[in-house]
Amino acid sequence: MAFMSGLWNSIVGGNEKEINWNEFSTLYLDSRLKYFSVSEIDKEASPIVYAEAHKITFNKTGLGLSYTPLNFVTIFHIDTRKEPVIKCDQKTLSTITKITLINRLQKEEGSQFVSEIRMPSGHVDQPVIEDNRDGTVSIKYDPREEGVHELYVKYNGEHVQGSPYKFHVDSISSGYVTAYGPGLVSGVSGEPSQFTISTKGAGSGGLSMAVEGPSKAEITCHDNKDGTVAVSYLPTAPGEYKVSVRFGDKHIKGSPFTAKVTGEGRKRNQISVGSCSEVTLPGKISDNDIRSLNASIQAPSGLEEPCFLKRLPSGNIGISFTPREAGQHVVSVKKLGVHIQNSPFNITVLDQEVGDAKKVKVSGTALKEGKTHSENTFTVDTRNAGYGGLSLSIEGPSKAEIQCADSKDGVLAISYKPTEPGYYIVNLKFADHHVEGSPFTVKVGGEGSNRQREKIQRQRDPAPLTEVGTNCKLTFKMPGITSFDLAATVTSPGGVSEDAEIQEVEDGLYSVHFVPKELGVHTVSVKYREIHIPGSPFQFTVGPLRDSGAHLVKAGGAGLERGEAGRFNEFNVWTREAGAGQLAISLEGPSKAEIDFKDRKDGSCDVSYKVDEPGEYRIGLKFNEQHIPDSPFKVYISPAVGDAHLLEVAQFPDSAQVDKPTQFYIRLNGAKGSLDGRVISPSGKTDDCFIQNIDGDQYSIRFMPRENGVHNINVKFNGVHIPASPLRIKVGKDDADPAAVHAHGPGLGAVKTGAKTDLIIDTCNAGMGILAVTMDGPSRVAMDCTDVEEGYKVRYTPLSPGFYYMSIKYNGHHIVGSPFKIEATGENLAEIGAQETSSVTVETVQKVSKSAQKQGPVLPHFKSDATKVTSKGMGLKKAYLNKHNQFTVHAGDAGNNILYVGIYGPKGPCDEVQLKHKGKNNYECWYVVRDRGEYIVIVKWGDEHIPGSPYKVEV
């Protein structure tokens, strides 16, 4: 199908194939731009339909804390005199629900509360805030929808602790029996499914429950002694279960409920195959200029998305995009924010060019049933469906290998190969909309692979709150090293960096100590031999946490990279920033695992595991039922080390240079076997090392690095890693520091569907590195990344409402705050199915801020108040010749800044001035004068005079 426009010179077509994975992941076929991208996410069972209703409580006079009937007014009572900590008074005043928040901060003049309600439909409503004039405020709200609502409460622009709060609204009045809970809609085979039944005020009558499904489900009940009953049932096979709840021989509202139970250890594999329209625009462009150009296309409805740019063989610029609607579109091409010549351009999209999922034809029995260890094939015909991306995800008990064969005429043969029997969910979307029949439920039979799975769960309590001036601690376990090779720095929210103290608590366990001087998010960098340890840089919040959730949990350690059969392998998990919640640790592989857990009581813990069989294992880490970043982790467990533990590394260099041979030595110490070495570069390229016997048991290992950055050297003996492997070495000037990268902009906050948004990733003074941005959410996003003065601008357009998680990595390390949780609201422009992943990768260049170029080091942004500085001493009133004249300055309550003292007399500056910091922003100053007369003493806290300055002193 040809794409027509009078304003474009030519159309890229033909049968030439061209691949550029990093920039576009595109493959050109039959006058259509087709791109292939593959990503895989393993996760445990997630229900197809899921809405967890939070606990509903009842009492005789009405409905309770988390349950609000329609058309009743709810009052949230907020006490601003103490720290925000939620307390439930459990009282129900007729139809008024009351929640008390205690806030330790004294209510200040000019401070204010802001509140909003997010309804189940996604719409936002504004409650009424009333000042009670006693240090408290009341929030009143009249609900209009059934379901779970979220109350957002902000104090001086920041969420109070616990915000947002969730409460449930129902239209059933008191006196009816109701049931609620996740076990009524979903479940995981082999795990208890739970729900609650409330009979408060329902009178006398018999209560009965039944569960019907593919397996017998054992039911247990517990009377909570408050008019509610906790019910749990254990399904042992996946499938659909009917949960019946009767009161007085009659079904309660909603009964029988349908719960979809999936197999445990759900895995997901995903593949995308897309067709876009590509056109050229007039004018020539160089390869260097293309880096600073960006393009976007705006549809007639106002939907604006970034589109891809490339330099064509003719020298023209080519753009590709997926038409979403017919009509005139406007394409803007800009360089550093300014339109290039002839931009914007107008193009017309015809009806037949718009992708239509309804016109996609799908056929094949593999969408109904399949077999393990076999290729299950079905066909997808997109010939009459226009331009659009085809995305496929398969979720089930195993990660099904997916293959896609294109016959070059718009018909694709797709096959999947699962390794475990059970129920699989197949999501098939074209142009971001489900094709007819999607999602498909497929029953897969056959033999499994006998993979063993072990899981433990531990409740994580919130870490103690830290304050300014208190000792803060971050611990980590890293056996087999010395503290002499460790270094740590802490950067405050104002940008001030200081060295931190590292102490060895016990063998292999270390703690970083620092005393913060301001509230907010600090960055803690911990390096071993000048290389960030796994998990570093860390986020450390001083004061109340501003956010919580699984995306703020970090994990790292040797046990997540490799392991040895028959011995315990360890790694760290840091949950401090995520708040309270349940941490679930699962391990799946050829043999059953023994998992041990040790809580350090400071928001971190040590996890160790032992397996008997070597092979590939998957370690899943979930916090409050959500995977943490980078989970699940693939770990290869090697056979028992044997003689490999005898080997020693000698003369390992601290650094190396590009294109210069580097070597070190291995002593076998009597071990018998073969030695092998391979080096892995930062870009992922693998090369063999040259190994030569030097003398008896001593060997040299030599390699030639070809690029700058941290290289990993795998040294194996008889196929097993030696204890120190992989060895890490820094090659060349690798000054890429993820701790120095920061992100800001509207694209990290609340965004709207269909509206293009952006953010800036500041890489100034962070060195050169690989910048990788990944977006996971309910829809794919068109995303690009362009060069700007302070770093890189990322633009994207979300299509579906919901939460998106943006991971920003620099040289493989998350920057502080990554992944960022972003909420999109607005109209749904694409059908929601499985989680979608979009990504862009850029090789950065050295960036230096303008202020740094002109002025040298950049001063941090201080938060201070000079009016709170006090000073005293005779040296501010009267001075004597040739003597030490003293005064003191106290700035302990004035925040952080720089103290400036200057003394000027009749003949010029004072001869001698000395200033000494006594701790906690208290200073002692003395000066010596040689001439009589009137002097001026200037004392500034930053750029502001302190009260009384300038002083007049008579000598």
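Residues numbered from 1 in each chain as written. Predicted model: local features only at pLDDT ≥ 70, side-chain atom pairs only at ≥ 80, totals over all residues. Heavy atoms only, no water.

### Regarding the sheet that holds strand 65 (residues 698-703)
In sheet architecture, strand pairing relies on hydrogen bonds along the backbone and comes in two forms, parallel and antiparallel.
Part 1 of the reasoning: Taken together, the four strands give an open sheet; going across it, the order is 59-61-65-64, and neighbouring strands pair in antiparallel fashion. At either margin of the open sheet sits one strand with a lone partner, and together these are strand 59 (648-650) and strand 64 (690-695). Looking at each pair of strands side by side, their axes are set apart by 30° on average, direction ignored. (Pairing = 2+ DSSP bridges. Helix = DSSP H or I, 4+ residues; strand = E, 2+ residues; numbered from the N terminus. Axes fitted to C-alpha atoms, helices over the stretch in contact; angles between N-to-C directions.)

### Some remarks on the sheet that holds strand 35 (residues 376-381)
Part 1 of the reasoning: Across the sheet, four strands lie side by side as 33-35-38-37; this open sheet has antiparallel pairing. What marks the edges here is a single partner per strand, and that holds for strand 33 (361-363) and strand 37 (401-406). Put simply, the sheet's adjacent strands are angled 20° from each other on average, direction ignored.
Part 2 of the reasoning: Across six bridges, strand 37 lies against strand 38 (residues 411-417) in antiparallel orientation.

### Details of the pattern of salt bridges
Part 1 of the reasoning: A full pass over the atoms with the stated rule returns 24 salt bridges.
Part 2 of the reasoning: Between Glu 561 and Arg 562 there is a salt bridge, with its nearest N and O atoms 4.0 Å apart.
Part 3 of the reasoning: Between Asp 688 and Arg 678 there is a salt bridge; the shortest N-O distance is 3.0 Å. A residue pair is termed long-range when its members are at least 10 positions apart, and Asp 688 in strand 63 (residues 686-688) and Arg 678 in strand 62 (residues 675-680) qualify at ten residues. (Salt bridge = Lys/Arg side-chain N within 4 Å of Asp/Glu carboxyl O.)

### As for the packing of aromatic side chains
Part 1 of the reasoning: Enumeration over the complete set of coordinates arrives at eight aromatic pairs.
Part 2 of the reasoning: Ring geometry for Phe 652 versus Phe 664: centroids 5.0 Å apart, planes at 65°, classification edge-to-face. Here Phe 652 is found in the loop between strand 59 and strand 60 (655-656), whereas its partner Phe 664 is found in strand 61 (residues 662-667), with twelve residues between them in sequence.
Part 3 of the reasoning: Under the relative-accessibility criterion, Phe 652 is labelled buried at 18%.
Part 4 of the reasoning: Directly above the ring of Phe 538 sits Lys 554, whose terminal nitrogen or CZ lies 5.7 Å from the centroid.
Part 5 of the reasoning: Here Lys 821 stacks its cationic end above the ring of Phe 803, 4.5 Å away from the centre of that ring. (Phe/Tyr/Trp six-rings, centres within 6.5 Å; stacked < 30°, edge-to-face > 60°. Buried < 20%, exposed > 50% of the residue type's maximum accessible area, 1.4 Å probe, protein only. Lys NZ or Arg CZ within 6 Å of the ring centre and 35° of its normal.)

### Some points on the nonpolar core
Part 1 of the reasoning: Core analysis: the largest hydrophobic core is formed by 28 residues, its most contacted members being Val 573 and Leu 621.
Part 2 of the reasoning: Not counting residues within four places of it along the chain, the set of residues in contact with Val 573 comprises Val 553, Lys 554, Ala 555, Leu 583, Gly 603, Ser 604, Cys 605, Val 607 and Leu 621.
Part 3 of the reasoning: Membership of the second largest hydrophobic core comes to 26 residues, among which are Leu 771, Tyr 792, Tyr 796 and Ala 824. (Core = buried A, V, L, I, M, F, W, Y, C linked by side-chain atoms within 4.5 Å. Contact = heavy atoms within 4.5 Å.)

### Brief notes about unusual backbone geometry
Part 1 of the reasoning: Cis geometry is adopted by the peptide bond preceding Pro 537, which originates at Ser 536 and carries an omega value of 0°.
Part 2 of the reasoning: Along the chain, Pro 537 turns up in the loop between strand 48 (531-532) and strand 49 (538-542).
Part 3 of the reasoning: Cis rather than trans, the peptide bond between Ser 818 and Pro 819 has omega equal to -5°.
Part 4 of the reasoning: Within the secondary structure, Pro 819 is located in the loop between strand 76 (813-814) and strand 77 (820-825).

### Let's talk about the pairing of strand 84 (residues 922-928)
Part 1 of the reasoning: With respect to burial, strand 84 is a largely interior element, five of its seven residues being buried.
Part 2 of the reasoning: Note: strand 80 (residues 885-890) against strand 84, six bridges, orientation antiparallel. Residue pairing in the sheet places His 890 in a bridge with Asn 922 of strand 84.
Part 3 of the reasoning: One ladder, built from seven bridges, connects strand 83 (residues 912-919) with strand 84; its direction is antiparallel. Looking at the pairing, Leu 915 lines up with Cys 925 of strand 84.
Part 4 of the reasoning: Connecting strand 83 to the next strand, strand 84, in antiparallel fashion are two residues, including Lys 920 with a positive phi near 55°.

### Examining the environment of Val 496
Part 1 of the reasoning: By secondary structure assignment, the location of Val 496 is in the loop between strand 44 (486-491) and strand 45 (497-506).
Part 2 of the reasoning: Given the relative accessible area of 29%, Val 496 is considered partly exposed.
Part 3 of the reasoning: In the structure, Val 496 is positioned 26 residues away from His 522 in sequence and 9.7 Å away in space, judged by C-alpha atoms.

By themselves these figures say nothing about function.
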